Amino acid sequence: NGQGKTTLMRTLAGDLARAHDSLQRAVELADASEFLHAPVIARTVEAVVFAYAGRAAERRATLEAAVALCERIGFIGWLGSAWCILGLVLARTDAGAAALPHIERGVELAAKTGTTLFEAQRYCWWAEALLRAGRVEDARTRAASAITLGGATEERGIEAEALLVR
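This structure is a prediction, so every number in the text was calculated from the model and none was measured. (Residues numbered from 1 in each chain as written. Predicted model: local features only at pLDDT ≥ 70, side-chain atom pairs only at ≥ 80, totals over all residues. Heavy atoms only, no water.)

### Details of the environment of valine 136
For clarity, the cut-off: Helix and strand definitions follow DSSP, with helices as H or I runs of at least four residues and strands as E runs of at least two, each counted in order from the N terminus.
Mapped onto the fold, valine 136 is located in helix H8 (residues 136–153). Linking valine 136 and arginine 166, residues 30 residues apart in sequence, is a C-alpha distance of 8.5 Å.

Dropping the structure here:
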């Protein structure tokens, strides 16, 4: 829903207070929806908000359930992002290298479906997970790719995040 997209954009822009305000409404709307896609999106966005607020572990279980639902209903257009977000949450909850297969799967799925929305952001998360796993050169390579992709897709907001890794 539009509320979920607003929440995600506020989070990625660093406006966590307003993201939390819109998050509750997005989750309520999604949970009340007849469409199974809505709670998948809401719960993955919720996990991003909590990850950026330093509270990733609090939404890991609901995120894992959302990823499973996404797979079960065949929500292919969101599946790549869902796997990447699970990887981000794992990376930020000290799972280290365990996060990497999730993000790599997400990037691969998104590429297979031609999903370019948030592609640069997925590469930022991949770079962060690589850095947390101690793979500094690989992290720098993915961060540079994120910057290139961000310029190509006009997702320039990711540059600061990517530069922190690089």
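### Looking at the nonpolar core
Inclusion rule: Among buried residues, those of type Ala, Val, Leu, Ile, Met, Phe, Trp, Tyr and Cys that are joined through side-chain atoms within 4.5 Å constitute a nonpolar core. Think of it in three bands: with a 1.4 Å probe and only protein chains considered, a residue is buried below 20% of the maximum accessible area for its type, exposed above 50%, and partly exposed in between. Note on definitions: a residue-residue contact is assigned when non-hydrogen atoms from the two residues lie within 4.5 Å.
Core analysis: the biggest nonpolar cluster contains 53 residues, and Leu63, Cys70, Trp78, Ile103, Trp125, Trp126 and Ala162 have the highest contact counts within it. Elements with a contribution of two residues or more to this core: helix H2 (16–32), helix H3 (37–52), helix H4 (60–73), helix H5 (76–92), helix H6 (100–113), helix H7 (119–132), H8 and helix H9 (159–165). No other element matches H5, which puts 11 residues into this core. Those residues within four positions of cysteine 70 in sequence are excluded, and the remaining contacts are Val40, Phe75, Trp78, Leu79 and Ala82.

### A short note on the layout of surface pockets
Rules: With a 1 Å grid laid over protein atoms only, a set of points is called a cavity when a 1.4 Å probe fits there but cannot get out and a pocket when it is open yet has protein on both sides within 12 Å along at least five of seven lines; lining residues have an atom within 4 Å of a point. Grid points are joined across faces, edges and corners, and a volume is the space filled by probe spheres set on the points. Charged means Asp, Glu, Lys or Arg here, nonpolar means Ala, Val, Leu, Ile, Met, Phe, Trp, Tyr, Cys or Pro, and polar covers whatever is left, Gly included.
In this structure, the largest pocket spans a volume of roughly 200 Å³. Here the element with the most residues in the lining of the largest pocket is helix H1 (residues 2–12); it accounts for 3 residues. Taken together, the residues that form the lining of the largest pocket break down as 6 nonpolar, 2 polar and 4 charged.

### Here we look at H7
Inclusion rule: By this rule the span expected of a helix is its residue count minus one, scaled by 1.5 Å.
The end-to-end C-alpha distance of H7 is 20 Å, a good match for the 20 Å that 14 residues give at a rise of 1.5 Å each. The element H7 is extensively covered by neighbouring structure, given that 12 of its 14 residues are classed as buried. When we look at burial in H7, the residues that qualify are Glu119, Ala120, Gln121, Arg122, Tyr123, Cys124, Trp125, Trp126, Ala127, Glu128, Ala129 and Leu130. Phi for glycine 134, located one or two positions after H7, is positive at around 85°.

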